[in-house]
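# Fold and contact review
The primary structure of each chain is shown beneath.
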Amino acid sequence: MSEKRNIAAEALSICMQTGWYGGKNIPVLLEAVPGCGKTSVVQQMADILAKHLQAQKVSDTFSTEVFVLPQTMPEDISGVPSPDLEARSLERLPLGGIRRLINAQYGVAFFDEITSSSQQTGAACMTLIQDGAAGDVKMPDTIARVAACNPPSCAAAGREFT
């Protein structure tokens, strides 16, 4: 019996791996209704790809960072202070996660709820999503960039992209 192919997951996988093997990093946007599993698919794909890179002896370090864009401030893309209970400190999201990605050299930066963020935050994040740059830091092309959103008609505070 043949296994049913998930073309969307295969396409996402190819896009996420493009930069890792010397190609141009291509950001991906996933749009689907709330609760369909966008975040779960990206996290599962990242886990599979981390194991693949480790098995191929490409990298032992891999980081997956999830950024929920409505939690960032338009004035400062480094984000709002968030408590890190383990370290007993405050961390600014997404800048702390971006630095973890840069240190890992391989990984996935996942930007969730992009159409629920303010227009200013969305605009500031587009440079980060498209070019991997935030202020004085730049992610290498070996960091896959994936954004996700719900259609504006069913997103909390949803809006169309301008």
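An account of the accompanying structure is given in this report. Predicted, not measured: the structure shown is a model, and the values here were computed from it.

## Some remarks on the pattern of salt bridges
A side chain of one charge can pair with a side chain of the opposite charge when the charged atoms of the two come close. With the rule as written, the count across this model stands at one salt bridge. A salt bridge links Arg100 to Glu65; its shortest N-O distance comes to 2.8 Å. With Arg100 in helix 3 (residues 95-104) and Glu65 in strand 2 (residues 63-68), this pair connects stretches of sequence that are 35 residues apart. Looking at Glu65, the relative accessible area reads 11%, which means it is buried.

## Considerations on the pairing of strand 5 (residues 107-112)
The element strand 5 is largely enclosed, with a buried count of six among its six residues. A two-sided burial pattern is seen for strand 5, the buried positions comprising Gly107, Ala109 and Phe111 on one face and Val108, Phe110 and Asp112 on the other. Where strand 2 meets strand 5, six bridges bridge the pair, whose relative direction is parallel. Opposite Thr64, over in strand 5, you have Val108 as the bridge partner. Sheet topology note: the strand 5/strand 8 (residues 143-149) ladder contains five bridges and is parallel. In the strand pairing of strand 8, Gly107 is matched with Ile143.

## A closer look at the side chain of Ser59
As for its position among the elements, Ser59 is in the loop between helix 2 (38-55) and strand 2. Only 2.6 Å separates the side chain of Ser59 from the backbone oxygen of Thr61, close enough to count as a polar contact. Excluding its chain neighbours within four sequence positions, the residues that come into contact with Ser59 are Leu53, Gln54, Ala104 and Tyr106.

## Structural notes on the pairing of strand 8
Counted residue by residue, strand 8 has seven buried out of seven residues, so it is predominantly covered. In strand 8, alternate side chains face the same way, and those of Ile143, Arg145, Ala147 and Cys149 on one face and Ala144, Val146 and Ala148 on the other are all buried. Sheet analysis places strand 1 (residues 28-31) next to strand 8, joined by four bridges and oriented parallel. Residue pairing in the sheet places Leu30 in a bridge with Ala148 of strand 8.

## Here's the deal with helix 2
Helix length check: helix 2, at 18 residues, gives a terminal C-alpha distance of 26 Å against a target of 26 Å (1.5 Å per residue), a fit within 8%. Taken together, the buried positions of helix 2 are occupied by Lys38, Val42, Met45, Ala46, Leu49, Ala50 and Leu53. Along the axis of helix 2, the buried positions cluster into a sector of 140°, meaning they face one direction only. Away from its buried face, by an angle of more than 90 degrees, helix 2 presents the exposed residues Ile48, Lys51 and Ala55. Downstream of helix 2 by one or two residues, Lys57 has phi in the positive range, about 60°.

The rules behind these values
- Residues numbered from 1 in each chain as written.
- Predicted model: local features only at pLDDT ≥ 70, side-chain atom pairs only at ≥ 80, totals over all residues.
- Heavy atoms only, no water.
- Salt bridge = Lys/Arg side-chain N within 4 Å of Asp/Glu carboxyl O.
- Helix = DSSP H or I, 4+ residues; strand = E, 2+ residues; numbered from the N terminus.
- Buried < 20%, exposed > 50% of the residue type's maximum accessible area, 1.4 Å probe, protein only.
- Pairing = 2+ DSSP bridges.
- Polar contact = N/O pair within 3.5 Å; in protein donor to acceptor, adjacent residues only side chain to side chain.
- Contact = heavy atoms within 4.5 Å.
- Expected span 1.5 Å × (residues − 1).
- Arc of directions from axis to C-beta.

Nothing here speaks to function; it is all geometry.
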